[in-house]
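Per-entry structural report
Residues per chain are reported as follows:
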Protein chains: 2
Amino acid sequence: VPSAGELPITQYVPDGATIDLAWGHPGEALLPVQEWAAATEAALTRYGWQALSYGHGAGPGPLVDWLAARLGRIDGRAPAPAELFVTAGASHALELTCAALTRPGDVVVVDSPTYHLALRVIADHGVRLVGAPADDEGIDPAGTAALLDRLRSDGLRVPLLYLVPTYANPTGGCLPADRRAALVELAARTGTALVEDDTYRELAYPPAVAPPSLWSLADPAADPAPVVRLGSFAKSVAPGLRLGFLTGSPALVRALADRGMVDSGGGVNHTTALAMAAFGASGGYDRHLARVRVGYRARRDALAGALRAQLPAVRFRLPDGGWFLWLRLPDDVPAGPLAGAAGRHGVGFLPGARCYLAGGGSHRARLSYSLFDPPQLVDAAGRLAAAVAELSSPGRSAPAR
Amino acid sequence: VPSAGELPITQYVPDGATIDLAWGHPGEALLPVQEWAAATEAALTRYGWQALSYGHGAGPGPLVDWLAARLGRIDGRAPAPAELFVTAGASHALELTCAALTRPGDVVVVDSPTYHLALRVIADHGVRLVGAPADDEGIDPAGTAALLDRLRSDGLRVPLLYLVPTYANPTGGCLPADRRAALVELAARTGTALVEDDTYRELAYPPAVAPPSLWSLADPAADPAPVVRLGSFAKSVAPGLRLGFLTGSPALVRALADRGMVDSGGGVNHTTALAMAAFGASGGYDRHLARVRVGYRARRDALAGALRAQLPAVRFRLPDGGWFLWLRLPDDVPAGPLAGAAGRHGVGFLPGARCYLAGGGSHRARLSYSLFDPPQLVDAAGRLAAAVAELSSPGRSAPAR
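Read on for a plain summary of the structure. (Residues numbered from 1 in each chain as written. Chains lettered and ligands numbered in written order. Predicted model: local features only at pLDDT ≥ 70, side-chain atom pairs only at ≥ 80, totals over all residues. Heavy atoms only, no water.)

1. So, unusual backbone geometry
Geometrically, the link from Ser-112 of chain B to Pro-113 of chain B is a cis peptide bond, its omega value of 0° lying close to zero. For Pro-113 of chain B, the location among the structural elements is in the loop between strand 3 (107–110) and helix 4 (116–123). Look at Arg-242 of chain A: it is not a glycine, yet its phi comes out positive at around 50°. For Tyr-167 of chain B, which is not a glycine, the phi torsion comes out positive at approximately 50°. (Helix = DSSP H or I, 4+ residues; strand = E, 2+ residues; numbered from the N terminus.)

Listed below in structure tokens is the structure:
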């Protein structure tokens, strides 16, 4: 349904020709269209005028209660209600966290590679971004400790360290347990809070279970709190709702609820938050989540299988959750030129360099398998193989790695 | 329906005993509970997955188109689609405007009196607030011009001047046409942009028609644009939706759409925005607005009539729209002590001093007639009269003014 006017409806507008795996967007068939209408009606029936008036600043009680219980089932511990703040999405949670905890001129350390658009959200706050040392398992705690020491000895304030440790964007991987523990210890010791982007936790593919969050590993009594965890309903339900949350210290939750914008406007997405509470209470959330986990796993398998069959020289790990394959390309196929060739073959991807601050990722590519259905993903793999063949050194087989 | 948990659902929780006229909140009976469920279902039926995916950054085409046409009917000119940015409420529009156009250390000039919570939104951006000279007709353009000169000659940057010129919060008044023109000219000449909080435009009580916005008076080709107008669906439809907009220069709209948070999360309240587009297209918006204008006018008349009957020494102008009466109290009844006495009599109001940065408003009170129904408002006037009587000098009639 195109807009009648000049402007589009959605951020991504299919062009009908390109299978663009650069977009980390949900599949059309995996969005709960009828279910969300029912949840909204249920909330309005149940809560009446309370669903439409100014909402409680930190989020309406019914959603906070449901969310606390849900996190108790899928994470290492349940937050107390005073540790939860309902946001207008995970990006908004990051925006609010930066507004509350950074000052212009601060340094914010980020995982490398990391979610490329988070870099932009953080940079909007006038801070300097510095990449943390990392290897194929993720961020390196010892190297990061040394980095924090160096930054501090240069007189810099380093309030935050941002990372996506679970079914990561872009790698799909999970940070190992020992590194999780070490990072939480580092945060507690240094006062640099970990900003844990936990957007993909609900997209674990059974029998896989997401590891306990960094937030759940931290001492709840530590002051300042070592971890702020950003959560989202964008991947588990729908991004257009703009509904997410954060778990942090009661002091942070109070500070956010006390911002002028929240005092003036009330809870930041109140009606939608109550619809989500109704969706959760009805069992609709659980049913929907079971369906999308199966759906996204099938998409992962379709793309991964087709890539393995058609591009054996391209290496990647099969993620246990989330939306992304993180490819290592052959030495003679750098991502930049490949993106151009792929475009000519009708397929797109995110060049890995986009996920680094500067340098790195020249032979990496992020492929999102979320948006397209399995036959399209198989088609995309074929198109990508044709683009790789066009670039590969003639008469030379792809190097083993 | 109280929350089952520890936290409330709404920002204001009725206590059953106090008629608290301090809250500028909508009346329960004037919120479109069933209508909003229908609008949401219509949007999901019409736009399908597009209503739930990431939305176009500046707002979805259907709402932008409808809103541009609507503003063309109720204001001096219709914005081009490129001049509109859909926000998560007017408070969020103010937050975004400050984020885009101010730097810490800047001065922001504000009308006096003005919306008290806007002061907090603006102050969150690390700027210094300075009150503009004003009289009973509103902000004084000549005095404000002199103030801007003084601030600039002190080497200060003054990017914004915030005011509520139409059915103002707290005064209920409309800035006269000559002052509107003079302020727009001043903004064009000095580069200090007017931030026009236009939240109450739709709440004109027929036959009154809201005056043309400052935004509509400015030269559309002026660069930088002299006016940013903040709009809202909080009063015309429902505040819990967190949906508003701003009209500004295409450059400002592009800058907001280009913020990291919007690039990452898409349009800031996408699904709700499409439900509003459906509400507008169905005629539901017009029907609802006609109903609430009648309802709020009846509330205004109930409170104003009861006050005139029971508190002849209290002076106020009858507003042609909006939600507020702005009282001048007798000399022997300052607002601070009256608030205490009123509380004991089971009635509340906003002491006028809250609407000034510092000084002023000692004998002013803002009474919101939006939240309570006419019998409660009559009751409230009686309780306030009892409180005034308690404070008034014994044996002395209230002074004429």
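Still more to cover.
2. Considerations on the sheet that holds strand 7 (residues 160–163) of chain A
Residue and element names in this part refer to chain A. Spatially, 2-10-9-8-7-3-4 is the arrangement adopted by the seven strands of the open sheet, whose pairing is mixed. Looking at which strands have only one partner, the edges of the open sheet turn out to be strand 2 (84–87) and strand 4 (128–131). Adjacent strand axes in the sheet meet at a mean angle of 25°, parallel and antiparallel pairs treated alike. Its contacts with the sheet put helix 3 (residues 90–101) on strand 2, strand 7, strand 8 (193–197), strand 9 (227–232) and strand 10 (244–247), and the angle it makes with strand 9 is roughly 155°. (Pairing = 2+ DSSP bridges. Axes fitted to C-alpha atoms, helices over the stretch in contact; angles between N-to-C directions. Contact = heavy atoms within 4.5 Å.)

3. Examining the pairing of strand 2 of chain A
All names here are of chain A. On strand 2, burial covers both faces: Leu-84 and Val-86 on one face and Phe-85 and Thr-87 on the other are all buried. Pairing of strand 2 with strand 10, which is carried by four bridges, proceeds in the antiparallel orientation. Counted as the bridge partner of Leu-84 is Thr-247 from strand 10. (Buried < 20%, exposed > 50% of the residue type's maximum accessible area, 1.4 Å probe, protein only.)

4. Side note on the pattern of salt bridges
It is possible for side chains of opposite charge to pair when their charged atoms get near one another. Residue and element names in this part refer to chain A. Counted under the stated rule, the structure contains 38 salt bridges over all chains. Two residues, Arg-201 and Asp-75, come together in a salt bridge whose shortest N-O distance is 3.7 Å. Placement of the pair is Arg-201 in the loop between strand 8 and helix 7 (214–217) and Asp-75 in the loop between helix 2 (61–74) and strand 2, with a sequence separation of 126 residues. The buried category is assigned to Arg-201, whose relative accessible area is 4%. (Salt bridge = Lys/Arg side-chain N within 4 Å of Asp/Glu carboxyl O.)

5. Focus on the layout of surface pockets
By volume, the largest pocket amounts to about 790 Å³. Lining the largest pocket we find 38 residues, and of these Asp-136, Thr-171, Gly-173, Arg-317 and Trp-326 of chain B sit closest to its centre. There is about 640 Å³ of room inside the second largest pocket. Every residue lining the second largest pocket is counted, 30 residues in all, and those nearest its centre are Asp-136, Thr-171, Gly-173, Arg-317 and Trp-326 of chain A. (1 Å grid on protein atoms, 1.4 Å probe; cavity = no way out; pocket = protein on both sides within 12 Å on 5 of 7 lines; lining within 4 Å. Points joined across faces, edges and corners; volume = space filled by probe spheres on them.)

6. So, the packing of aromatic side chains
Inspection of every chain in the model, using the stated rule, returns 20 aromatic pairs over all chains. Taking the centre distance of 5.2 Å and the plane angle of 50° together, the rings of Tyr-12 of chain A and Trp-23 of chain A count as tilted. Note that Tyr-12 of chain A is positioned in the segment before strand 1 (19–20) and Trp-23 of chain A in the loop between strand 1 and helix 1 (33–47), a separation of eleven residues in sequence. A relative accessible area of 9% places Tyr-12 of chain A in the buried class. The partly exposed category is assigned to Trp-23 of chain A, whose relative accessible area is 26%. Consider the rings of Trp-66 of chain B and Tyr-285 of chain B, whose centres lie 4.9 Å apart with planes at 80°: the pair is edge-to-face. Separated by 219 residues along the polypeptide, Trp-66 of chain B in helix 2 (residues 61–74) and Tyr-285 of chain B in helix 11 (residues 284–310) bring together distant segments of the chain. Summarising the burial analysis for this pair, Trp-66 of chain B and Tyr-285 of chain B share the class buried. Following the ring pairs from residue to residue traces out a cluster consisting of Trp-36, Trp-66, Phe-233, Phe-245, Phe-279 and Tyr-285 of chain A. (Phe/Tyr/Trp six-rings, centres within 6.5 Å; stacked < 30°, edge-to-face > 60°.)

In short, shape yes, function no, at least from these values alone.
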